[in-house]
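So you can see what is in the structure, the chains are spelled out below.
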Amino acid sequence: MPRVAERAPDTLEPALRALYDSYTQGGTVFADQFSVLAQVDPAARHLYGMLAELKARAAVPYRYIEIAIVVVSLLNDCPYCVASHAPRLAVEGITEAGANRLLDYADHPELTDVDKLVVRYAIEVTRSAQRVPDDLFDALRAHFTESRLVELTLRIALCGFFNRFNQALQIGEHASDVHA
């Protein structure tokens, strides 16, 4: 149970409630996270609204976004996010077991060369963003436009935010039990 109260969906103003229903798939996914962040309406409205727009835009392939999210969540030891996102990679051909071992990417049989670049980039941005090697960035440029590189970087950094938000407020503390 989170350290702060979750706002009940029926207390949200209509536009925020619609965003809640859309983002949480009717309260089945990330409802606790949304309901806690909704303690600050502008934060919920803008963050989840942005995420919905980015998903609808589909500029960066879903596979790469989910790989990056799981990698960052593994690095930040956020079981809630790993448990919530690892299964999403199954539709992309990466098993849940494979998702849980993304940090061991060099010889990972379920990853393409581009997947491995995304993993490496997510690791570098999370561990030492100021030292992302030029050769890695140049390799990414061969596969991603500048707009897509910005979005991928945004999603990696935003995942770090959500990891820390969830951990500090103990959101989904028992999520690994639910998804195991």
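Computed from a predicted model, the values in this text were never measured in an experiment. (Residues numbered from 1 in each chain as written. Predicted model: local features only at pLDDT ≥ 70, side-chain atom pairs only at ≥ 80, totals over all residues. Heavy atoms only, no water.)

Position of Ala168 among the secondary structure elements: in helix H9 (residues 146-168). For Ala168, a relative accessible area of 44% puts it in the partly exposed group. Expressed as a C-alpha distance, the spacing of Ala168 and Arg3, which sit 165 residues apart in the sequence, is 8.3 Å. (Helix = DSSP H or I, 4+ residues; strand = E, 2+ residues; numbered from the N terminus. Buried < 20%, exposed > 50% of the residue type's maximum accessible area, 1.4 Å probe, protein only.)

Okay, the packing of aromatic side chains next. Two aromatic rings are characterised by how far apart their centres lie and by the angle between their planes. Going through the model one piece at a time under the given rule, you end up with eleven aromatic pairs. Geometrically, the ring pair formed by Phe34 and Tyr48 is stacked, given 4.4 Å between the ring centres and 25° between the ring planes. Of this pair, Phe34 sits in helix H2 (residues 31-37) while Tyr48 sits in helix H3 (residues 41-57), and the two are 14 residues apart along the sequence. Members of the aromatic cluster, each reached through a chain of ring pairs, are Tyr20, Tyr23, Phe30, Phe34, Tyr48, Tyr80, Phe161, Phe162 and Phe165. (Phe/Tyr/Trp six-rings, centres within 6.5 Å; stacked < 30°, edge-to-face > 60°.)

If you trace the backbone, Asn76 turns up in the loop between helix H4 (62-75) and helix H5 (79-85). Not counting chain neighbours up to four residues away, the residues in contact with Asn76 comprise Thr126, Gly160, Asn163, Arg164 and Gln167. (Contact = heavy atoms within 4.5 Å.)

This part covers the packing of helix H7 (residues 113-128) against helix H8 (residues 134-141). Contact pair H7 / H8: the axes reach a minimum separation of 10 Å and the direction vectors enclose 140°. As judged from the angle between their axes, H7 and H8 are oblique. Seen along the crossing, H7 lies across H8 with a hand that is left-handed. Along the contact surface, H7 presents Leu117, Val118, Arg120, Tyr121 and Glu124, while H8 presents Asp135, Leu136, Phe137, Ala139 and Leu140. (Axes fitted to C-alpha atoms, helices over the stretch in contact; angles between N-to-C directions. Parallel < 35°, antiparallel > 145°, perpendicular 65-115°, else oblique. Left-handed = near helix turned anticlockwise from the far one by under 90°.)

Packed helix pairs are characterised by how far apart their axes lie and by the angle those axes make with each other. Axis separation between H7 and H9 bottoms out at 10 Å; the angle between their running directions is 55°. Taken as axis vectors, H7 and H9 run oblique relative to one another. Once H7 is placed against H9, the crossing between them reads as right-handed. Together, Val118, Tyr121, Ala122, Val125 and Thr126 of H7 and Leu152, Thr153 and Ile156 of H9 make up the contact between the two elements. Of the residues assigned to the contact of H7 with H9, the class counts are six nonpolar, two polar and no charged. (Nonpolar A, V, L, I, M, F, W, Y, C, P; charged D, E, K, R; others polar.)

One pass over the structure, following the stated rule, counts eight salt bridges. Where Arg57 meets Glu151, a salt bridge forms, and the shortest distance between an N and an O atom there is 2.5 Å. With Arg57 in helix H3 and Glu151 in helix H9, this pair connects stretches of sequence that are 94 residues apart. With relative accessibility at 44%, the residue Arg57 sits in the partly exposed group. Assessed through its relative accessible area of 4%, Glu151 is described here as buried. (Salt bridge = Lys/Arg side-chain N within 4 Å of Asp/Glu carboxyl O.)

Roughly 560 Å³ of internal volume is contained in the largest pocket. Among the secondary structure elements, those contributing two or more residues to the lining of the largest pocket are helix H1 (14-23), H3, H4, H5 and H9. Among the residues making up the lining of the largest pocket, the classes are represented as 16 nonpolar, four polar and five charged. (1 Å grid on protein atoms, 1.4 Å probe; cavity = no way out; pocket = protein on both sides within 12 Å on 5 of 7 lines; lining within 4 Å. Points joined across faces, edges and corners; volume = space filled by probe spheres on them.)

For H4, with 14 residues, the first-to-last C-alpha span of 20 Å sits near the 20 Å given by 1.5 Å per residue. H4 sits mainly inside the fold: eleven of its 14 residues count as buried. The set of residues buried in H4 consists of Arg63, Tyr64, Ile65, Glu66, Ile67, Ala68, Ile69, Val70, Val71, Val72 and Ser73. Asp77 lies just past H4 and shows a positive phi near 50°. (Expected span 1.5 Å × (residues − 1).)

Moving on, we get to the nonpolar core. Ile67, Tyr121, Phe144, Leu152 and Ile156 are the most contacted members of the largest nonpolar core, which has 32 residues in total. Among the secondary structure elements, those contributing two or more residues to this core are H4, H7, H8 and H9. One finds Val29, Val36, Leu47 and Phe165 within the second-largest nonpolar core, a separate group that totals 22 residues. (Core = buried A, V, L, I, M, F, W, Y, C linked by side-chain atoms within 4.5 Å.)

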